[in-house]
Amino acid sequence: MGTIMETDLVYQRVLLKLSGEALKGTQPYGIDPGTTAALARRLVAIRDTGIELALVIGAGNIFRGLGASRNGMGRVTADHMGMLATVMNSLALQNALEQAGAETVVQSAIPMPQVAETFVARHAVTHLRQGRIVIFAAGTGNPFFTTDTTAALRANEIGAEAILKATKVDGVYSADPETNPDAKRYVSISYRDALAQQLKVMDSTAFSLCQDNEIPIIVFNFNEEHALGEILRGDLSHATLVSSAG
Ligand code: UDP
């Protein structure tokens, strides 16, 4: 990656969406301390470039509401459990980030003042300006939503210039690259074309929030060590930019 200087950055404030699985490592379930520590070191290196970094983390490594409701649990209860699981991930990540040297604030959409600050967009922006990493926990606070939608909502609320969506593939492809050898990665694509081609970038609620408010989504492979640094310098060699321009 080389050292990224603040003058190289094409963004000043971004929101990074990680799925809960980013904390799991090779374990089948839960939070792997070594994986979480390594992730934290990478994020602190990004923050050290001078960029304002906000995070949303999912909970697929612990609990997903939809899966539990398919197995008979009431959906609202299951989603409450999913949101609480994102709080656990956020606290684990906060702890690792602080151990790696970055002051970090967790803001929860569901008030739990002994555990985390309550989400207030204005306060989040103040923290970011002061160089703290801010993690938005407990999703949107509402059942029937996802942490992708949380990322889209919070990015708009704090005025982030882009959502960086960390996935297992290095962008958006014309077909599933795991099953179709002819699948091509887009360097950039418009919201309209992504919708028309039914390319799964985010769930539909998250996607329309981004489209309506013209917030760019950058999809990249988090396992590619250099990808995040490249994106922040405007290099999309290992990513796809979804925006109104395409
Ligand atoms: N969730 C919710 N409302 C929200 C965000 C999340 O109810 O606004 C719940 C939902 O049950 C979801 C779980 O939290 O399955 C974990 O989030 P997600 O599935 O998005 O995690 P990821 O797949 O990114 O790890």
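A brief look at the structure comes next. (Residues numbered from 1 in each chain as written. Predicted model: local features only at pLDDT ≥ 70, side-chain atom pairs only at ≥ 80, totals over all residues. Heavy atoms only, no water.)

## Thoughts on the pairing of strand E9 (residues 239-243)
Here comes step 1: Most of E9 sits inside the fold, with five of its five residues counted as buried.
Here comes step 2: Neither face of E9 is open: one carries Ala239, Leu241 and Ser243, the other Thr240 and Val242, and all of them are buried.
Here comes step 3: Bridge count for strand E7 (residues 188-190) against E9 is three bridges, and the pairing is parallel. Among the inter-strand pairings, Ser190 is bridged to a residue of E9, identified as Ser243. (Buried < 20%, exposed > 50% of the residue type's maximum accessible area, 1.4 Å probe, protein only. Helix = DSSP H or I, 4+ residues; strand = E, 2+ residues; numbered from the N terminus. Pairing = 2+ DSSP bridges.)

## Describing the pattern of salt bridges
Here comes step 1: Per the stated rule, a full pass over the model turns up eight salt bridges.
Here comes step 2: The salt bridge involving Glu21 is made with Lys168; its shortest N-O contact spans 3.4 Å. Remark: Lys168 occurs in the loop between strand E6 (162-167) and E7 and Glu21 occurs in the loop between strand E1 (13-18) and helix H1 (33-47); sequence separation between them is 147 residues.
Here comes step 3: When the shortest N-O distance is used, the salt bridge between Asp148 and Lys165 registers 3.1 Å. Note that Asp148 is positioned in helix H5 (residues 147-158) and Lys165 in strand E6, a separation of 17 residues in sequence. Lys165 carries the same exposure label as Asp148, and that label is buried. (Salt bridge = Lys/Arg side-chain N within 4 Å of Asp/Glu carboxyl O.)

## Remarks on the packing of H5 against helix H7 (residues 204-213)
Here comes step 1: Where H5 meets H7, the closest approach of the two axes is 7 Å, and the angle between their N-to-C directions is 20°. With respect to H7, the axis of H5 lies roughly parallel. Once H5 is placed against H7, the crossing between them reads as left-handed. Contacts from Asp148, Thr149, Ala152, Leu153 and Asn156 in H5 reach Thr205, Ala206, Leu209, Cys210 and Asn213 in H7.
Here comes step 2: Classifying every residue of the contact of H5 with H7 by side-chain character gives five nonpolar, four polar and one charged. (Axes fitted to C-alpha atoms, helices over the stretch in contact; angles between N-to-C directions. Parallel < 35°, antiparallel > 145°, perpendicular 65-115°, else oblique. Left-handed = near helix turned anticlockwise from the far one by under 90°. Contact = heavy atoms within 4.5 Å. Nonpolar A, V, L, I, M, F, W, Y, C, P; charged D, E, K, R; others polar.)

## Here we look at the side chain of Thr86
Here comes step 1: Following the sequence through the fold, Thr86 ends up in helix H3 (residues 75-99).
Here comes step 2: Separated by 2.8 Å, the side chain of Thr86 and the backbone nitrogen of Ala138 make a polar contact.
Here comes step 3: Residue contacts for Thr86: discarding those within four places in its chain leaves Ile57, Gly58, Ala59, Ala137, Ala138, Gly139 and Thr147. (Polar contact = N/O pair within 3.5 Å; in protein donor to acceptor, adjacent residues only side chain to side chain.)

## A closer look at the environment of Asn180
Here comes step 1: Among the secondary structure elements, Asn180 is positioned in the loop between E6 and E7.
Here comes step 2: Judged by its relative accessible area of 28%, Asn180 falls in the partly exposed class.
Here comes step 3: Sequence separation of Asn180 and Ala92 is 88 residues, and the distance between their C-alpha atoms is 37 Å.

## Regarding the packing of H1 against H3
Here comes step 1: Put simply, H1 and H3 touch, their axes get as near as 8 Å, and they point 60° apart. It follows from the interaxial angle that H1 and H3 lie oblique. When you trace H1 past H3, the crossing you get is right-handed. Side by side, H1 and H3 meet where Thr36, Ala37, Leu39, Ala40, Leu43 and Val44 of the first sit next to Ala92, Leu93, Ala96 and Leu97 of the second.
Here comes step 2: Residues belonging to the contact of H1 with H3 are distributed by class as follows: nine nonpolar, one polar and no charged.

## Some thoughts on the side chain of Glu230
Here comes step 1: You can see Glu230 is positioned in helix H8 (residues 227-232).
Here comes step 2: A distance of 2.8 Å separates polar atoms of two side chains, one belonging to Glu230 and the other to His238.

## Some words on the nonpolar core
Here comes step 1: Counting residues in each nonpolar core, the largest one holds 41 residues, and the members touching the most others are Leu16, Leu43, Leu93, Leu164 and Phe220.
Here comes step 2: No other element matches the five residues that H1 contributes to this core.
Here comes step 3: Setting aside chain neighbours within four positions, we find Leu164 in contact with Val14, Leu15, Leu16, Lys17, Ile218, Phe220, Leu228, Ile231 and Leu232.
Here comes step 4: Core analysis: the next-biggest nonpolar cluster, separate from the first, contains 29 residues, Leu15, Leu128, Ala151 and Ala152 among them. (Core = buried A, V, L, I, M, F, W, Y, C linked by side-chain atoms within 4.5 Å.)

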